[in-house]
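# Structure assessment
One letter stands for each residue in the lines below.
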Amino acid sequence: MDLNLILVTLVIVIALGFDYTNGFHDAANAIATSVSTRALTPRVALLMAAVMNIIGALLGTEVAKTIGKGIIDISHYTASTDLTMQREGLVIVLSALIGAVVWNLITWWFGLPSSSSHALIGGLVGAGLASSTAVQWKGILDHVIIPMFASPVIGFLIGYVLMRILMVALRNLPYHRTMRRFRILQTISAAAMALGHGLQDAQKTMGVIVMALVAGGYGEHHNIFDPVTGDMTVPLWVKLAAATAISLGTYSGGWRIMRTLGRKIIDLDPARGFVAESVSAVVLYLSAFVLHAPISTTHTITSAILGVGATKRFSAVRWGVAGNIVGGWFLTLPAAAGVAAVMFYLVHWLIQLV
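None of these values were measured; they are calculated from a predicted model.

## Considerations on the overall build of the protein chain
From N to C terminus, the protein chain includes 13 helices and two strands. Restricting the contact set of the protein chain to residue pairs at least 6 apart, pairs at least 24 apart contribute 86%. Carbon and sulfur atoms form 69% of the exposed surface of the protein chain, whose accessible area is close to 14,400 Å².

## Overview of the side chain of arginine 87
Summarising the element assignment, arginine 87 is placed in helix 5 (residues 83-109). The residues touching arginine 87, leaving out its near neighbours within four places in the chain, are Leu3, Asn4, Leu7 and Ile351.

## Examining the packing of aromatic side chains
Throughout the structure, instances matching the rule amount to three aromatic pairs. Ring centres of phenylalanine 182 and phenylalanine 274 lie 5.7 Å apart, and the angle between their planes is 55 degrees; this geometry places the pair in the tilted category. Taken together, the residues span a long stretch of sequence, with phenylalanine 182 in helix 8 (residues 175-215) and phenylalanine 274 in helix 11 (residues 270-291) at a distance of 92 residues. A relative accessible area of 21% places phenylalanine 274 in the partly exposed class. Taken together, a centroid distance of 5.8 Å and an interplanar angle of 70 degrees make the contact between phenylalanine 344 and tyrosine 345 edge-to-face. In this structure phenylalanine 344 comes out as buried when scored by relative accessible area, which is 4%. Given the relative accessible area of 52%, tyrosine 345 is considered exposed.

## Quick notes on helix 2 (residues 42-57)
Given a rise of 1.5 Å per residue, 16 residues ought to cover 22 Å, and the 22 Å separating the end C-alpha atoms of helix 2 matches this to within 8%. Among the residues of helix 2, Ala45, Leu46, Met48, Ala49, Ala50, Met52, Asn53, Gly56 and Ala57 are the ones counted as buried.

## Topic: the nonpolar core
Grouped together as the largest cluster of nonpolar side chains are 60 residues, with contacts concentrated most on Ile71, Ile72, Ile74, Leu97 and Met206. Mapped onto this core, the elements with two or more residues apiece are helix 1 (3-36), helix 3 (62-69), helix 5, helix 6 (116-130), helix 7 (137-170), helix 8, helix 9 (236-252) and helix 13 (319-353). The greatest single-element share of this core, amounting to 11 residues, is contributed by helix 5. The residues contacting isoleucine 74, other than those within four sequence positions of it, are Ile92, Val93, Thr133, Met211 and Ala215. Listed in part, the 18 residues of the second largest apolar core include Leu166, Phe182, Val275 and Ile301.

## Quick notes on the UniProt feature "transmembrane region" (unreviewed entry) in the protein chain
Listed under "transmembrane region" (unreviewed entry) in the UniProt record, and renumbered for this structure, are residues 44-68, 89-110, 144-170, 182-199, 236-254 and 329-351. Annotation note: span residues 44-68, helix share 84%, strand share 0%, distance between end C-alpha atoms 34 Å. Counting secondary structure, residues 89-110 comes out at 95% helix and 0% strand; the distance between its end C-alpha atoms is 33 Å.

## With respect to helix 7
Between its first and last C-alpha, helix 7 extends 47 Å over 34 residues, near the 50 Å set by a 1.5 Å rise per residue. Maximal helix bending in helix 7 amounts to about 45 degrees, located at proline 147. Restricting attention to buried positions, one finds in helix 7 the residues Gly139, Ile140, Val144, Pro147, Met148, Ser151, Pro152, Gly155, Gly159, Met163 and Leu166.

## Observations regarding the side chain of arginine 272
Inspection of the secondary structure puts arginine 272 in helix 11. Only 3.1 Å separates the side chain of arginine 272 from the backbone oxygen of valine 308, close enough to count as a polar contact. Ignoring sequence-local partners within four residues, the contact set of arginine 272 consists of Met163, Met167, Val308, Thr311 and Lys312.

## Some thoughts on the pattern of salt bridges
Across all of its chains, the model carries two salt bridges by this definition. The salt bridge involving lysine 138 is made with aspartate 142; its shortest N-O contact spans 2.7 Å. Taken together, the positions of lysine 138 and aspartate 142, both in helix 7 and four residues apart, correspond to about one turn of that helix. What makes lysine 138 exposed here is its relative accessible area of 63%.

## Structural notes on the packing of helix 5 against helix 8
Contact pair helix 5 / helix 8: the axes reach a minimum separation of 8 Å and the direction vectors enclose 160 degrees. Taken together, helix 5 and helix 8 sit at an angle that is classed as roughly antiparallel. When you trace helix 5 past helix 8, the crossing you get is left-handed. Seen from helix 5, the contacting residues are Gln86, Gly89, Leu90, Val93 and Leu97; seen from helix 8, they are Val208, Met211, Ala212 and Ala215.

Conventions we followed
- Residues numbered from 1 in each chain as written.
- Predicted model: local features only at pLDDT ≥ 70, side-chain atom pairs only at ≥ 80, totals over all residues.
- Heavy atoms only, no water.
- Helix = DSSP H or I, 4+ residues; strand = E, 2+ residues; numbered from the N terminus.
- Contact = heavy atoms within 4.5 Å.
- Areas by Shrake-Rupley, 256 points an atom, 1.4 Å probe, with all protein chains shown as cover.
- Phe/Tyr/Trp six-rings, centres within 6.5 Å; stacked < 30°, edge-to-face > 60°.
- Buried < 20%, exposed > 50% of the residue type's maximum accessible area, 1.4 Å probe, protein only.
- Expected span 1.5 Å × (residues − 1).
- Core = buried A, V, L, I, M, F, W, Y, C linked by side-chain atoms within 4.5 Å.
- UniProt positions renumbered as here; feature names shortened; annotations may be inferred.
- Bend = angle between axes of the 7 residues up to and from the residue.
- Polar contact = N/O pair within 3.5 Å; in protein donor to acceptor, adjacent residues only side chain to side chain.
- Salt bridge = Lys/Arg side-chain N within 4 Å of Asp/Glu carboxyl O.
- Axes fitted to C-alpha atoms, helices over the stretch in contact; angles between N-to-C directions.
- Parallel < 35°, antiparallel > 145°, perpendicular 65-115°, else oblique.
- Left-handed = near helix turned anticlockwise from the far one by under 90°.

As structure tokens, then:
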């Protein structure tokens, strides 16, 4: 059997496996606040999030294009008709995926809401460096590093300011009746957050699958590139596969991380949960549709929770837990890159034996 076909199939399977881990790893992003405030029961919240993930995944492809072309340059592998060169490109993508999956599983085990997006990007960079493939540093700076720092700051500040304004507007209203209304509103904000999660995170897997198809010499067969403009397109079956995988992962639930986001950082009320989810959803939509940047849903919702929580009183936020989370954020890119680099050498060696 063709070794390249085996590698392409393996990459697609592992990519969908990564998408699944992304779903249960990041399920907490969409629903932790709604569950913690009892606006939704866990199973209803997970089902709603899974459905919205599918819808969000089918709404665009710009983030997928950024992942597929803007992180590492494997064009010299994909343009080659030499099977050995194509195989090298596939090994790079495979190693990147393994690095991302391993880091996802480690952080999930410890209940740490790190970024699946940055795990994947770190994996691509690590495999790219190990293979001496050109890394698109400017693209990483513009689409990864700057948004990595900007989105949490924006989420925190907007969450804090909007919550302050809302507190002033609601100060004379009866507390319990108002909170009951915000529980209803949280159904909408949680759905919007889940839609943004599908829009952002499922597209990243689409980009990797498209990279694998092109690297394996199957780009023309699947009409990856528009014959008129030359732009990269995402086949419908890739969209549906990625959407399904992330929604199944979401429905399986990420209870460890959900406890961290929903309870360990701060005890949220429905009003604060609504504001945090709404702010996060808006930031995700702007990043996907306007900036085409693969930002982290984890960073965005966590920082928004910190922002709305700080309005309660600064000491109400458990800053020690928050510090551990932020530490995990900084570790994600280099850790996933390190695992991917090791995997590249290992897989490369194994294939040579074959």
